[in-house]
Amino acid sequence: MIEVGLWIQTQTEKGTEVFLIKKDPLGHPILSALQSDTPLEGTSAKKEKLRGLYEGLTGQAHPHPHATSRQLMWDFLEAAMKQLP
């Protein structure tokens, strides 16, 4: 079995944050904090953080509350590719 996820690192005033986005069995994104000053407890905190990451990286509003991981990760990848040399 192979699992695929998207690793995101951000710089804040407090330091570095690292997140992993994977999909649940229904295809919706799951955000895990690998390194963060603020613990993400509960589904709503994770969704809020994911929404902030999405809007910060893509410059667009989060598509909708039930967006699939495929939609979000594709948008993340398109935004990230623009930053590559």
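Scroll up to find the structure.
What counts, and at which threshold
Residues numbered from 1 in each chain as written. Predicted model: local features only at pLDDT ≥ 70, side-chain atom pairs only at ≥ 80, totals over all residues. Heavy atoms only, no water. Pairing = 2+ DSSP bridges. Helix = DSSP H or I, 4+ residues; strand = E, 2+ residues; numbered from the N terminus. Axes fitted to C-alpha atoms, helices over the stretch in contact; angles between N-to-C directions. Buried < 20%, exposed > 50% of the residue type's maximum accessible area, 1.4 Å probe, protein only.

(A) Just the sheet that holds strand 2 (residues 15–23), in detail. Spatial ordering of the open sheet is given by 1-2-3, a layout of 3 strands whose pairing is antiparallel. The sheet is open, and its two borders are formed by strand 1 (6–12) and strand 3 (29–35), each paired with just one other strand. When the angles between neighbouring strand axes are averaged without regard to direction, this sheet yields 25°. As paired elements, strand 1 and strand 2 share 7 bridges and run antiparallel to each other. Bridge pairing in strand 2 links Thr12 to Gly15.

(B) Representation of the environment of Leu57 in the model. When you line up the elements, Leu57 lands in helix 1 (residues 43–58). Its relative accessible area of 29% is what places Leu57 among the partly exposed residues. In the structure, Leu57 is positioned 22 residues away from Gln35 in sequence and 18 Å away in space, judged by C-alpha atoms.

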